Structures are given as structure tokens and as C-alpha cells.
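# Overview (structure and organization)
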Amino acid sequence: FNVLSVAFLLLGPFLLFVVVNWCLTTLLDGSGSMKDIYIAGCYSLAPMVLLLIPTTIISRFISLDETAYVTFFLVLTAVWTAGLLIIGTMTTHEYSVGKTVLTVALILLGMLIAVFLLLMFYDLMQNLIGFIVNSFNELSFRAR
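Because the structure is a prediction, the values reported are computed rather than measured.

On to the overall build of the protein chain, then. Check the secondary structure of the protein chain and you find 5 helices and 0 strands. Its helices and strands in sequence order give the protein chain the pattern α-α-α-α-α, from N to C terminus. For the protein chain, the C-alpha radius of gyration of 22 Å lies well beyond 15 Å, the compact-globule estimate for 144 residues. Expressed as lengths along the three principal axes of its C-alpha atoms, the size of the protein chain is roughly 65 × 50 × 20 Å.

What follows is the structure, encoded as C-alpha cells:
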């Protein structure tokens with residue numbers, strides 16, 4: 001259990017959503033600022049706080065046959081949060097329903113592209129560091 005990895009796994013997608021939302025809605029004539037998007041996103045996460053804490057406590061006391069109830073509440077939390085994020089995007093940027101659906105689809109695509117680029121950058125940096133270390137080792141062996 002590492003607190004930093006858990007915090008990154010929880011805050012990373014949310015912050016990525018906020019940044020990609022701001023970037024795309026700036027291009028699509030959205031009227032919300034980064035602060036407005038962040039605030040609407042934080043309010044949209046309220047069902048997670050309201051339902052995940054009691055669900056976690058209840059999951060400690062139920063049997064394996066009753067896990068369907070926990071799964072139901074987890075799915076309910078995810079659907080409720082997603083609905084609030086969509087409504088928050090529509091309200092923040094003053095979009096119609098059609099433009100909101102298109103914007104949310106583009107935000108999800110943008111998040112996937114951002115994660116892909118971050119993974120490529122991580123791999124590139126790992127290869128660059130490996131190349132530098134191997135080159136230094138090779139030069140130090142040749143100098144002897």
C-alpha cells in the first residue's frame with residue numbers, strides 16, 4: 001500500500017480530465033475557465049464520497065453471496081458521477097445537449113491520446129537514460 005501511487009491513481013485521471021476538457025473546450029468556444037471546470041468536476045465527485053465510504057464499510061461485513069449489492073452501489077456511483085460530469089460540462093460551457101455529447105466524446109479521445117503520449121515519452125526517456133548509461137559504461141571500459 002503506497003499512498004503516493006493511490007493518490008496518483010485517483011487524482012491523475014481527474015486532473016487529466018480537467019486539463020483535456022479545458023484544452024478542447026477552448027478550441028470549441030466553451031465559456032468555462034480552468035477554475036470553473038475544476039470546481040464542476042469536484043462537485044461531480046461528490047457521489048464517490050457519499051457512496052464509496054459506506055460501501056467500503058459494508059463490504060467488510062457481508063458474505064461472498066451478497067457482493068452483488070456492493071457491485072450495484074459501485075456501478076451506481078460510477079454512473080451518477082459520469083452523469084454529473086457530463087451535466088457539469090454542459091452547464092460550465094453553456095453547450096447544447098448535442099454539442100455536449102460531442103465534446104465529452106472528444107474529451108475521452110483526448111484523454112486516451114494524452115495517456116498514449118505520456119507513455120511514449122516515458123519509454124523514450126527510459127531508452128535515453130539506458131543509452132547514456134551504456135555509453136558511459138562503454139567509454140569507461142575503453143579508457144582502461
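Moving on from the model shown.
This part is about the side chain of Thr77. Of note, Thr77 is situated in helix 4 (residues 67-93). Note on Thr77: relative accessible area 2%, which makes it buried. Excluding anything up to four places from it in sequence, Thr77 contacts Pro47, Met48, Leu51 and Leu52.

Let us look at the state of the cysteines. Here the structure, examined in full by the defined rule, presents 0 disulfides. Left unpaired, Cys23 is separated from the closest cysteine sulfur, that of Cys42, by 17 Å. Owing to a relative accessible area of 37%, Cys23 belongs among the partly exposed residues under this scheme.

What counts, and where the lines are drawn
- Residues numbered from 1 in each chain as written.
- Predicted model: local features only at pLDDT ≥ 70, side-chain atom pairs only at ≥ 80, totals over all residues.
- Heavy atoms only, no water.
- Helix = DSSP H or I, 4+ residues; strand = E, 2+ residues; numbered from the N terminus.
- Rg over C-alpha atoms; globule rule 2.2 N^0.38 Å.
- Buried < 20%, exposed > 50% of the residue type's maximum accessible area, 1.4 Å probe, protein only.
- Contact = heavy atoms within 4.5 Å.
- Disulfide = S-S within 2.5 Å.

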